[in-house]
Every structure is written in C-alpha cells, then in structure tokens.
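Structural features, examined
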Amino acid sequence: MKLLMLGGTRFLGRAFVDDALARGWEVTVLHRGLTGAPPPTAEVLFADRTDQRSMVEALGDRRWDFVVDTWSGSPRVVGENARVLHGHVDRYAYISSGSVYQWGLHVDEGSPVVAASATSDDNSDYASAKRGAELAVLESFPDALLARAGLILGPHEDIGRLPWWLQRTAEGGRVVAPGAPTRPLQYVDARDIASFVLSGLAAEISGTYDVISASGHTTTSGLLEACMDATGSGAELVWIDEDRLAAAGAQPWTQLPCWVPQEGEFAGFLEADTAKAARAGLRCRPVEDTVRDTWEWMQRETLPTQREDRAVHGLPSEIEKELLSAGQ
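Residues numbered from 1 in each chain as written. Predicted model: local features only at pLDDT ≥ 70, side-chain atom pairs only at ≥ 80, totals over all residues. Heavy atoms only, no water.

**Considerations on the overall build of the protein chain**
What the protein chain contains, in helices and strands, is 11 helices and 15 strands. Over its C-alpha trace the protein chain gives a radius of gyration of 20 Å, about what one expects of a compact globule, namely 20 Å for 328 residues. Considering only C-alpha atoms, the protein chain reaches an extent of 65 × 40 × 35 Å along its principal axes. The 328 residues of the protein chain split such that 52% are buried. Considering only intrachain contacts with a sequence separation of at least 6, the fraction spanning at least 24 residues in the protein chain is 77%. When the accessible surface of the protein chain is totalled, it reaches about 14100 Å², and 48% of it is carbon and sulfur. Averaging the positions of the 30 positive and the 47 negative side-chain charges in the protein chain gives two centres separated by 3 Å. (Helix = DSSP H or I, 4+ residues; strand = E, 2+ residues; numbered from the N terminus. Rg over C-alpha atoms; globule rule 2.2 N^0.38 Å. Buried < 20%, exposed > 50% of the residue type's maximum accessible area, 1.4 Å probe, protein only. Contact = heavy atoms within 4.5 Å. Areas by Shrake-Rupley, 256 points an atom, 1.4 Å probe, with all protein chains shown as cover. Lys, Arg positive; Asp, Glu negative; His and termini not counted. Charge placed at Lys NZ, Arg CZ, Asp CG, Glu CD.)

Okay, structure coming up:
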C-alpha cells in the first residue's frame, strides 16, 4: 500500500506515519518543511498546500492508494487540494472533529451539525471550518472516510493537555483534582485514531465515524492516578467540587484539561455514543498505556512549543493556591 500523508510531522500526523510504516506501507509525507521532519524511511515532498501550483508540481504524475488529511484551516484550501489530488489517490480520509456537531446536541453520527461552507476562507470558527472541510472533501471524494475525532491524547501531543497533568503531578504536593472522581471521560489516543483510519482505508469503509472511546473508558480519578503512577509522584489529589471550581474562576477544558462539569452547559458532554466506530474496528488502549507512553516521550524529547492556534492549558498558580487553601 502507498500512503500520501498531508503534514505528518506533528502529533496526530506523526502517529499516522509511524503506523503506516510499521505496516510495511510506502509512505510519502508532503509538508512545508517548517515543523520537524518525518522518520527517515518516509519519502518527503515539499509543498505549500495553500498554493495549488506548488501542490501540482510536487505531486507530478505520482499515484498513491490513500491520502490522509488533518487540516484545520480554511475549507477552501481543503477543496482545492482535493481537486488537485483527484486522479493521484484512490481513497481519501479526512480527520475532522466532534466539534462539528451543534453544541449540546451531539449523541452520535446522526446528530445535527453546524452550518458551514465548503468554499469559505474563514477558519476563525473551528467547528464550521472543520465541517466546511468535510463538505469540500466530499465534493471530490464522495466515498471519503470522515473521522470525527474527540479529545486526542498520546505521545507527541502539542496541545499541552496531558503533558500539563503529568508535569503537575510529577511536581508533587497537593494537586487540585476537579469535580467527582468518578466523572466519566471520553478521549482517544492519537495512535488509535491512526490504526482505525488506516485499517478502514484498507478495508474500503467510507462515511462518518465518531472516533473516540466509549464514555467512561476512564474517569477523572483514573486519569490522574495513571499520571501519578507513571511519574512515580507522591502527589496528593485534593478533590474540589464543581461549585467551588466555578466560584474560583477555574475554566474547564483549558485550565483543567480533559475535564468539564457534568451539569449546566456541559451536560451530556463526553457522553457520546461511539458504537458505530467500535463496530467498524476502533480499539482504544487503556489509559495507563497512553499516560505512561506520553510521560516516557516527555523524558526523551524536548516538548513542542505552544501552538499559536490553541489556548494555553493548565491551572494558573493563583487559582490553584486559592482552591487548595479553601480545601484545607
């Protein structure tokens, strides 16, 4: 099999490249050459995907079995790329996001999605940009595989969610643990997305899949205890209820990564039905494996710089001090 990976040097793209190479596939990585390098056994093509002429020149008369695209910019660029790639690849997989569903209405793949345009140049709204990109892909590849990913964790993470929890628990001392210990979490390891999508391409499955673990694959306590075990930390988890977190101004999801309250505007969040993807072959590794492997990567390599298109994650020290003082 021959895979063309658009990007492929960071987090999720890197997981795809590593998985495909492990399968013995021929892998070509097309990128700008600005954010790292793929493994030496992968072929490299340099192009700026916002420039159609650059793409055409890089592709030449080459053909591949599959292309995987993780783009989160403007839908227009995705549509232009898909048209250029038509005739160069047989099947297309686009890594979208569960954010495309209308807020508070996500149950499964049949839930209503946000309004979007396939030709939009606007990427200021992540949800509509991802949905617009889906539409753009389908115009050229109606049998595309659309993987709507949820919260993504794992080695090489460049968002700072799991790395922040690992660093904080490794520091030891009293650590703010948000909400109820049994609060169900829902996420997916980047390597499990790659495995699902590549196997799906090979099996010629198409359509839309919510690629994320079952709700309750782990809990808040399961995640934080795995962080303590992986780091060998002697930290003490101090459980702070949702009302006190809100009163202190602690922001869910960003300042308290991977977690949101179970009530209010987040009711039903992290509780989507992902049975369709499971039936199609999605397998999610235990949280302990994801956490341990991420910590081991953090010890081996310099962490990526903060992405400019993502919020800074982690609880500010002044809010942490306030909460821990109240929790004495």
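**Description of the pairing of strand 6 (residues 145-149)**
Within strand 6, five of the five residues are buried, which leaves the element mostly enclosed by the surrounding structure. Of the two faces of strand 6, the one holding Leu145, Ala147 and Ala149 and the one holding Leu146 and Arg148 are both buried throughout. Across five bridges, strand 5 (residues 89-97) lies against strand 6 in parallel orientation. Bridging across to strand 6, Ser97 finds its partner in Ala149. For the segment spanning strand 5, helix 4 (residues 126-140) and strand 6, crossover handedness is right-handed. Bridge analysis of strand 6 against strand 11 (residues 207-211) gives five bridges, and the strand direction is parallel. Counted as the bridge partner of Leu146 is Thr208 from strand 11. (Pairing = 2+ DSSP bridges. Right-handed = clockwise from strand over helix to strand, strands pointing away.)

**With respect to unusual backbone geometry**
For Glu204, which is not glycine, the phi dihedral falls at a positive 60°. Assignment of secondary structure puts Glu204 in the loop between helix 6 (190-202) and strand 11. Although it is not a glycine, Leu270 adopts a positive phi angle of roughly 65°. Here Leu270 shows up in the loop between strand 15 (256-257) and helix 9 (275-279). In this structure Leu270 comes out as buried when scored by relative accessible area, which is 8%.

Take it as geometry only, folks, not as evidence of what the structure does.
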